[in-house]
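# Working through the structure, step by step
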Amino acid sequence: FSLANVIIMSSLNALGEEIMTANSIVKEFDAMILEVLHGFTLASLAVISQNLGAGKMDRIKKTVFTSFGLVTGVGTVLGIIFYFAAPMLCGIMTDTPEVLEYCMVRVVIVGVPYVLCGIANVLQESLRGLGYSNTSLMISIFANIAFRIMWMFLVYPALYSETNIRNNYGYICLVWPVSWVIMILVGIPILVLMFKKTKKRIENEQKSRVCESVGA
């Protein structure tokens with residue numbers, strides 16, 4: 001994560017002091033959205049793990065869908081509120097028109113779609129709760145590290161413009177929501193597959209215990 005962030009931030013800082021200031025300001029506020037959504041993801045991990053130990057796959061399924069619903073609903077509402085409140089919030093920390101304009105670039109591209117990050121995190125924590133931590137790790141490495149590095153070295157240079165700093169900043173900001181979308185697209189089918197695999201394993205274990213008790 002640090003390697004990917006260093007590459008992203010080095011390109012971002014090269015766009016100038018106003019971009020750096022705007023990015024730092026918005027990060028202080030959109031991080032609050034992340035913390036709220038992160039609470040739901042951690043709760044889903046705890047509940048899924050507990051019900052896995054109890055062998056209650058129906059409750060695990062309900063927990064996953066409930067978690068998706070909560071982060072989607074809350075994330076969408078917070079994103080909309082953030083969009084309309086951003087000019088006032090960012091205005092607390094700067095009164096420079098150019099900086100405020102750049103602030104809104106990150107708000108629209110990263111802050112408002114933070115709901116995607118919440119959904120992606122629920123996917124990750126659900127896999128961990130089911131006992132597939134390595135699978136979750138591999139998805140995260142691919143989407144959050146490998147893809148972001150490839151974006152900065154391949155996609156961003158192709159889109160870069162010498163004359164349009166605002167668009168360049170937008171292209172950098174896109175690396176976050178696009179990586180979240182990739183994580184969701186990759187993670188959903190894997191989660192479905194692992195859920196079915198875990199359900200079958202638990203059913204077989206339960207059948208074995210029944211057979212053993214009958215035999216005893």
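Coordinates for the structure precede this section.
## A closer look at the pattern of salt bridges
Side-chain pairs of opposite charge can arise where the charged atoms are in close proximity. Following the criterion strictly, the structure yields 3 salt bridges and no others. R106 is paired through a salt bridge with D30; the nearest N and O atoms lie 3.0 Å apart. You can see R106 sitting in helix 4 (residues 97–111) and its partner D30 sitting in helix 2 (residues 17–54), a full 76 residues away along the chain. For the pair shown, R106 and D30 are each scored as buried. Where E101 meets R166, a salt bridge forms, and the shortest distance between an N and an O atom there is 3.1 Å. Residue E101 is located in helix 4, and its partner R166 is located in helix 7 (residues 165–173); the two are separated by 65 residues in the primary sequence. Its relative accessible area of 39% is what places E101 among the partly exposed residues.

## Focus on the nonpolar core
Judged by nonpolar contacts, the single largest core of 59 residues is most densely connected at I60 and Y169. Put simply, the parts of the chain that give this core at least two residues each are helix 1 (2–13), helix 2, helix 3 (57–91), helix 4, helix 5 (114–129), helix 6 (133–159), helix 7 and helix 8 (175–215). It is helix 8 that contributes the most residues to this core, 10 residues altogether. Among all residues touching I60, those that are not within four sequence positions of it are I48, N51, L52, L130 and F195.

## Side note on the packing of aromatic side chains
With the rule as written, the count across this model stands at 4 aromatic pairs. On the basis of an interplanar angle of 55° and a centroid distance of 5.8 Å, the ring pair of F147 and W151 is categorised as tilted. Here F147 pairs with W151, and both are found in helix 6, just 4 residues apart, close to one helical turn. A single burial state applies to F147 and to W151, both of which are buried. Ring centres of Y156 and Y160 lie 5.8 Å apart, and the angle between their planes is 75°; on these two criteria the pair is classed as edge-to-face. What makes Y156 buried here is its relative accessible area of 6%. Above the face of the W176 ring, R106 is positioned so that its terminal group lies 5.1 Å from the ring centre.

## Looking at the packing of helix 2 against helix 3
Where helix 2 meets helix 3, the closest approach of the two axes is 10 Å, and the angle between their N-to-C directions is 170°. Between helix 2 and helix 3, the crossing angle belongs to the class labelled roughly antiparallel. Along the lines of polarity and charge, the residues of the contact of helix 2 with helix 3 split into 19 nonpolar, 5 polar and 2 charged.

## Remarks on the environment of M88
One can find M88 in helix 3. Overall, M88 belongs to the exposed group, its relative accessible area being 58%. C-alpha separation for the pair M88 and L185, spaced 97 residues apart in sequence, amounts to 35 Å.

Parameters at a glance
Residues numbered from 1 in each chain as written. Predicted model: local features only at pLDDT ≥ 70, side-chain atom pairs only at ≥ 80, totals over all residues. Heavy atoms only, no water. Salt bridge = Lys/Arg side-chain N within 4 Å of Asp/Glu carboxyl O. Helix = DSSP H or I, 4+ residues; strand = E, 2+ residues; numbered from the N terminus. Buried < 20%, exposed > 50% of the residue type's maximum accessible area, 1.4 Å probe, protein only. Core = buried A, V, L, I, M, F, W, Y, C linked by side-chain atoms within 4.5 Å. Contact = heavy atoms within 4.5 Å. Phe/Tyr/Trp six-rings, centres within 6.5 Å; stacked < 30°, edge-to-face > 60°. Lys NZ or Arg CZ within 6 Å of the ring centre and 35° of its normal. Axes fitted to C-alpha atoms, helices over the stretch in contact; angles between N-to-C directions. Parallel < 35°, antiparallel > 145°, perpendicular 65-115°, else oblique. Nonpolar A, V, L, I, M, F, W, Y, C, P; charged D, E, K, R; others polar.

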